[in-house]
Structure formats: C-alpha cells, structure tokens
Amino acid sequence: MTDFTDIDVNLSLAQRAWNIRHKALRMGAVQKQGYVGQALGVADVLAVSYFHALNYRPEEPEWEGRDRFLLSIGHYAIALYAALLEAGVLPEYELETYGTDDSRLPMSGMASYTPGMEITGGSLGHGLGIGVGMALGLKRKNSSSFIYNLMSDGELGEGSTWEAAMSAAHHKLDNLICLVDFNDQQADGPSTQMLSSEPADGKFEAFGWYVQRVDGNDLGALVEAFDKARNFDGPQPRAIICDTKMCKGVPFLEEREITHFVRVDEDEWDLALKVLEEGKPS
Ligand SMILES: [Mg+2]
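Keep in mind it's a predicted model, so treat the numbers as computed, not measured.

(A) View of the overall build of the protein chain. Looking only at helices and strands, the protein chain features 10 helices and five strands. Computed over its C-alpha atoms, the radius of gyration of the protein chain comes to 18 Å, within 12% of the 19 Å expected for a compact globule of 282 residues. For the protein chain, the C-alpha atoms occupy an extent of roughly 50 × 45 × 35 Å along the three principal directions. The buried share among the 282 residues of the protein chain stands at 48%. Looking at the protein chain alone, contacts between residues at least 24 apart form 75% of all its contacts between residues at least 6 apart.

(B) Structural view of the packing of helix 1 (residues 13-31) against helix 3 (residues 77-87). It is at 8 Å that the axes of helix 1 and helix 3 come closest, and there the two elements cross at 125°. Between helix 1 and helix 3, the angle falls in the class oblique. Crossing geometry of helix 1 relative to helix 3 is assigned as right-handed. Counting all contacts with helix 1, which are made through R16, N19, I20, K23, A24, M27 and G28, the residues of helix 3 involved are I78, A79, Y81, A82, A83, L85 and E86. Residues of the contact of helix 1 with helix 3, tallied by class, amount to nine nonpolar, two polar and three charged.

(C) Main features of the confidence of the model for the protein chain. Per-residue pLDDT for the protein chain has a mean of 94; in total, 96% of the residues score no lower than 70. Overall, residues 1-5 carries pLDDT values under 50, and its contacts beyond four positions in sequence, including any with other chains, amount to seven contacts.

(D) Layout of the pairing of strand 1 (residues 68-71). By the alternation rule, side chains of strand 1 split into R68 and L70 and F69 and L71, which are all buried. Of the strand pairs in this sheet, strand 1 and strand 2 (residues 147-152) are connected by four bridges, and their pairing is parallel. Within the sheet, the bridge partner assigned to L71 lies in strand 2 and is L150.

(E) Local environment of the environment of E205. Within the secondary structure, E205 sits in helix 7 (residues 200-206). Taking the number of C-beta atoms within 10 Å as the measure of exposure, E205 has 14 and is therefore partly exposed. When the C-alpha atoms of E205 and V223 are compared, they prove to be 21 Å apart, with 18 residues separating the residues in sequence.

(F) View of the environment of D44. As for its placement among the helices and strands, D44 is situated in helix 2 (residues 36-53). Judged by the 29 C-beta atoms lying within 10 Å of it, D44 falls in the buried class. Taking C-alpha positions, D44 is 8.5 Å from I20, a pair spaced 24 residues apart along the chain. Apart from residues lying up to four places away in sequence, D44 is in contact with A17, G216, N217, L219 and L222.

(G) Main features of the sheet that holds strand 1. In spatial order, the strands read 1-2-3-5-4; together these five strands make up an open sheet with parallel pairing. Here the strands that pair on one side only, and so sit at the sheet edges, are strand 1 and strand 4 (210-215). Taken pair by pair, the neighbouring strands of this sheet meet at an average axis angle of 20°, ignoring direction. Taken strand by strand, helix 4 (residues 127-140) contacts strand 1, strand 2 and strand 3 (176-182), and its axis lies near 175° from that of strand 2.

(H) Representation of the environment of Q31. Mapping Q31 onto the fold places it in helix 1. Residue Q31 is classed as partly exposed on the basis of its 13 C-beta neighbours within 10 Å. Residues Q31 and I119 lie 88 residues apart in sequence; the distance between their C-alpha atoms is 24 Å.

(I) Unusual backbone geometry, seen in detail. E198 connects to P199 through a cis peptide bond whose omega is -5°. You will see that D102, though not glycine, has its phi angle at about 70°, which is positive. The residue D102 is located in the loop between helix 3 and helix 4 in this model. Note on D102: 7 C-beta atoms within 10 Å, which makes it exposed. Positive phi is not limited to glycine here, since K172 has a value of about 55°.

(J) Focus on the packing of helix 1 against helix 2. Taken N-terminus to C-terminus, the directions of helix 1 and helix 2 make an angle of 140°; their axes are 8 Å apart at the nearest point. One way to sum up the angle between helix 1 and helix 2 is to call them oblique. As for the relative orientation of helix 1 and helix 2, their crossing is right-handed in sense. In this structure, helix 1 uses L13, R16, A17, I20, R21, A24, L25 and G28 to contact helix 2, whose residues at the interface are V36, A39, L40, A43, D44, L46, A47, V48, F51 and H52. Classifying every residue of the contact of helix 1 with helix 2 gives 13 nonpolar, two polar and three charged.

Calculation criteria
Residues numbered from 1 in each chain as written. Predicted model: local features only at pLDDT ≥ 70, side-chain atom pairs only at ≥ 80, totals over all residues. Helix = DSSP H or I, 4+ residues; strand = E, 2+ residues; numbered from the N terminus. Rg over C-alpha atoms; globule rule 2.2 N^0.38 Å. Buried ≥ 20, exposed ≤ 12 C-beta atoms within 10 Å, placed from the backbone. Contact = placed C-beta atoms within 7 Å. Axes fitted to C-alpha atoms, helices over the stretch in contact; angles between N-to-C directions. Parallel < 35°, antiparallel > 145°, perpendicular 65-115°, else oblique. Left-handed = near helix turned anticlockwise from the far one by under 90°. Nonpolar A, V, L, I, M, F, W, Y, C, P; charged D, E, K, R; others polar. pLDDT = per-residue confidence, 0-100. Pairing = 2+ DSSP bridges.

Below you can see the structure in the form of structure tokens.
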C-alpha cells in the first residue's frame, strides 16, 4: 500500500513534470524499451492534469465523484503510470515491475490491470467516443465531474474521432475536455505528412467545440488553458490542442531523428537519466 504521509503535496508543477519524466525513464530502463519519447513530451500535460486540474482521491481510485482521465493512446501507458506513481495512486515500488509478468503495469495500458487506468486504449481512435458516453452518463447522474480524454494527433486521422466530436457537440457535453498531444509524430512518420489534420483547432471549432491551442510544454500556458476549458461558460465540449516536443528534457534524444518508437540504445538509459537529472528544477 502507498504510505500517503510520504507524498509531498508542496512540490511545484515543474518538479512534478520532472518527476514524471524521471519515473518514465526509469521504467523504460527496466525493460530497455518503451514509448519514452511520447512520455517525455506529454509529461507537462500530465503534471497539470494530475496536480492542478483533476479531482481524485489517490487512495480511492474508483471514488464516484472523481474526474475521469481516459488514456485513449494505450501505448502511452508508461507516461500515465509515471503520473499515477507520482500521484500516489500506484505505490512507488511497483515502478520496478514495469512490463514484467504479473505486473499491474503492462507495457500497453489495460483498465483491468491498473488502478487509475480508466479505459483500455490502444485500438486507436476510441477514447473520445468512450468519453462521450461517460460524459453523457455523468450528466444523467447529475454529476459535476469532468471527463478528460488524452489522445494523440495521429488519432485525428481516425473517423471514429470525428463521429465522437460531432456527437459531443450535439449532446452539449460541457463536461468533456479533449486533450490532444500534438507531437507531429505517428507510427508511420510525421502526422502532418501522413494525413494532415491541420488546422486541428479549426476542425474542432467547426464541429462545435470550444478550442484552445497552446505550447504543451509550457506549464503556465497549460494551467491557463485547463482553467479556461473547465470554467468556460457555454454548452460546448472543450478541446485543448497541446503542441509538444517528443523527448522533451533529454536534449540528445530531442535532437535524434525522431520516430514513433525512439531508439535508446542499451547503454543510453543511464545517460538519459543523467542528462535529465542535470535539468532538475530546484
Ligand atoms: Mg503523435
């Protein structure tokens, strides 16, 4: 069990984001693989989600009054585990079990395995549709909770995403916030070259959403956007397009030719951790 007295509630968002990056890299080092490029890129979005925006109880992950955080991108599990470990939803010692047999932290996210993992994402393009259903359900229960759906820019190429976007506006789901990790990368190459979704913000607007687009590695900009999304006085569902940089925080990986599955050689995990540690916020 997590000892909740150990959790320091006074850390800054910059420290939280750094801790999320550090935990993701440490998990990657356990298996010598993992989607760490995405995790490093989206760490600031997760820090603002878990340490500014979301209502939840670490000791009671299924608390009915919680906001639901959906990881549509199941292969980003390593990033969400890092946030859940940092938040105390998962105990720290489980980090070392990442990807091993019988671990609650499988390499792709599965709801039945992991506390705090609300959905099994991974067939891509389904998180937003699930979020629409959950947001409708919460409204019928007169709940004031929000749904946050984290998806990728690659998922903007899925038709199911736009069916969900259309129905969210139709049903006036003002309790649904869609976060798009726009890192301009998907499995086969740069998203904007594979099947461009630009202007992504304009498309969501045309579908009837309240939309913001921010630098997804700027904590201040993210806090402002998350607050505006939650407090916006209108019936529209809300989207925040977050432009992020893959591998953020580890310069030698940032500069590497970026691919969906960033190559980190056997001997580079320790180096990546060392480089990250040099940038630790005070
Ligand atoms: Mg992407």
